[in-house]
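# Observations on the model geometry
Here are the chains, one letter per residue:
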Amino acid sequence: MKKLVILLLVLLSPAAHAQSQNFEGFGLSIDYALNAITDKSTPGDSVISKSGIPSITADAYKAISDSWLVGVYGNYDLGTTDTSGGDPDAHNPFEFGGKVGYAITEKWMAYAKLGWSWSKYSSPGYYQWMNGPSYGIGAEYLITKNLFARVEVSQQNYKTLNWGDGSSDKVNINSYGAGLGWRF
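Throughout this document, residue positions are counted from 1 along each chain, in the order its sequence is written. Restriction of local features to residues with pLDDT of at least 70 applies here, the model being predicted, together with a cutoff of 80 or more for giving and counting side-chain atom pairs; totals for whole chains, interfaces and linings are based on all residues. Side-chain descriptors were evaluated using all non-hydrogen atoms of the structure, hydrogens and water having been removed beforehand.

## Considerations on the packing of aromatic side chains
Aromatic pairing here means that ring centres of Phe, Tyr or Trp (its six-membered ring) are within 6.5 Å. Orientation follows from the plane angle: under 30 degrees is stacked, over 60 is edge-to-face, and everything else is tilted. Tallying each qualifying case throughout the model produces seven aromatic pairs. In this arrangement the basic side chain of R183 is found over the ring face of F148, its NZ or CZ atom lying 4.7 Å from the centre. Remark: a charge is flagged as sitting over a ring if the NZ atom of Lys or the CZ atom of Arg is within 6 Å of the ring centre and within 35 degrees of the ring normal.

Right, dumping it as structure tokens:
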């Protein structure tokens, strides 16, 4: 019985291994993304606006093997995705979800993320909250033990918004970003 308890404790104890442990812990970063928001209006056409938006990302990783990590993240855009001065507007999108990372080397990690996004969407004289799934891929590079750089490609795929006048909007935001952060 004693051996069984020891075996269970060893198997259930947290394990951090080799290169994956370099990416463990809580991280906070400042990111900058080039966003392209696509609005498919019914009736109407598609409109694409592009803008650069700074954001803040918080994440946490836990190593589950020599190379694999699992984590959670949250991201908040510090601005509105709109450069045209009119439609479309996505005010301060924020996103929460999970990540799976793979430590390629002691300094490089690739990851995939899956989450849910929210944003206040406005049209002249109207506004409504929109939400939908988000997903992306990225990579992190450890500059020092705590300082890291990140690149990421992602999409926020919002559900169709139906307006009171019978029209609708389907919104996607494609983001191409880079960031600099600190792992605690």
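## Remarks on the pairing of strand β10 (residues 168-183)
Strands are labelled as partners when DSSP assigns at least two bridges between them. Here a helix means four or more residues in a row that DSSP labels H or I, a strand means two or more in a row labelled E, and each is numbered from the N terminus. Relative to β10, strand β1 (residues 25-42) runs antiparallel, the two being bridged by 16 bridges. Bridge pairing links I37 to I173 in β10. Two elements, strand β9 (residues 161-162) and β10, share two bridges in a ladder whose sense is antiparallel. Across the sheet, residue N162 finds its bridge partner in β10, namely S168. Once β9 ends, the chain turns through five residues before running back antiparallel as β10, passing G166 with a positive phi of about 95 degrees.

## Observations concerning a nonpolar patch on the surface
Like-charged residues within 9 Å of one another, or nonpolar side chains (Val, Leu, Ile, Met, Phe, Trp, Tyr) within 5 Å, are grouped into patches, provided each residue has over 30% relative accessible area and no salt bridge. All accessible-area figures derive from a Shrake-Rupley calculation using a 1.4 Å probe, and residue coverage is judged against the displayed protein chains alone. We define a salt bridge as a contact between a side-chain nitrogen of Lys or Arg and a carboxyl oxygen of Asp or Glu at a distance within 4 Å. Where nonpolar side chains cluster on the molecular surface, the patch consists of I64, W68, V70, V100, Y102, I104, W108, Y141, I143 and L180 and spans about 910 Å² of accessible area. If you list the elements that add at least two residues to the nonpolar patch, you get β3 (68-77) and β5 (89-103). Tracing the backbone shows V70 in strand β3. Accessibility here uses a 1.4 Å probe with only protein chains present; expressed as a share of the type maximum, an area under 20% marks a residue as buried, one over 50% as exposed, and anything in between as partly exposed. The class of V70 is partly exposed, set by a relative accessible area of 36%.

## As for the side chain of S20
Mapped onto the elements of the fold, S20 is located in the loop between α1 (2-12) and β1. In terms of polar contacts, S20 uses its side chain to reach the backbone carbonyl oxygen of S65, at 2.6 Å. Every residue pair with non-hydrogen atoms within 4.5 Å of one another is taken to be in contact. Apart from the residues lying within four places of it in its own chain, the contact partners of S20 are A63, S65, D66, S67, W68, L69 and A103. Here a polar contact means two N or O atoms within 3.5 Å. Within protein one must be a hydrogen donor candidate and the other an acceptor candidate, and residues neighboring in sequence count only if both atoms are side-chain atoms.

## Section: empty space enclosed by the protein
In this analysis, the protein atoms alone were mapped onto a 1 Å grid. Cavities are point sets where a 1.4 Å probe fits without being able to get out; pockets are open sets with protein on both sides within 12 Å along at least five of seven lines; lining residues have an atom within 4 Å of a point. Grid points are joined across faces, edges and corners, and a volume is the space filled by probe spheres set on the points. Within the structure shown, the criterion is met by one cavity of 30 Å³ or more. Considered as a void within the structure, the largest cavity measures approximately 260 Å³ in volume. Looking at the largest cavity, it is lined by 23 residues, and the ones nearest its centre are A33, S55, N75, E152 and S154. Taken together, the elements giving at least two residues each to the lining of the largest cavity come down to β1, β2 (46-63), β3, β5, β8 (147-157) and β10. Lys, Arg, Asp and Glu make up the charged group, whereas Ala, Val, Leu, Ile, Met, Phe, Trp, Tyr, Cys and Pro make up the nonpolar group; the residues left over, Gly among them, are polar. Residues belonging to the lining of the largest cavity are distributed by class as follows: eight nonpolar, eight polar and seven charged.

## Looking at the layout of surface pockets
In this approach the atoms are scanned with a rolling probe the size of a water molecule, which exposes any empty space left behind. Computed from the structure, the largest pocket encloses a volume of approximately 170 Å³. Lining the largest pocket are Q21, N22, E24, E106, K107, L142, T144, K145, N146, R183 and F184. Looking at the lining of the largest pocket residue by residue, the classes come out as two nonpolar, four polar and five charged.

## A closer look at the confidence of the model for the protein chain
Summary of the metric used: pLDDT quantifies the predictor's per-residue confidence within the range 0 to 100. Mean pLDDT for the protein chain: 83, with 83% of residues reaching 70 or above. Element-level pLDDT for the protein chain is lowest in α1, with a mean of 50, against a maximum mean of 95 in β8. This model gives residues 7-16 a pLDDT under 50, and the stretch forms five contacts once residues within four places in sequence are excluded.

## Quick word on the pattern of salt bridges
Following the criterion strictly, the structure yields eight salt bridges and no others. Linking K113 and E152 is a salt bridge whose minimum nitrogen-to-oxygen distance equals 2.8 Å. A residue pair is termed long-range when its members are at least 10 positions apart, and K113 in strand β6 (residues 108-123) and E152 in strand β8 qualify at 39 residues. Of the two residues examined, K113 and E152, each falls in the buried class. E140 is paired through a salt bridge with R183; the nearest N and O atoms lie 3.0 Å apart. Of the two residues, E140 is situated in strand β7 (residues 126-142) and R183 in strand β10; the sequence distance between them amounts to 43 residues.

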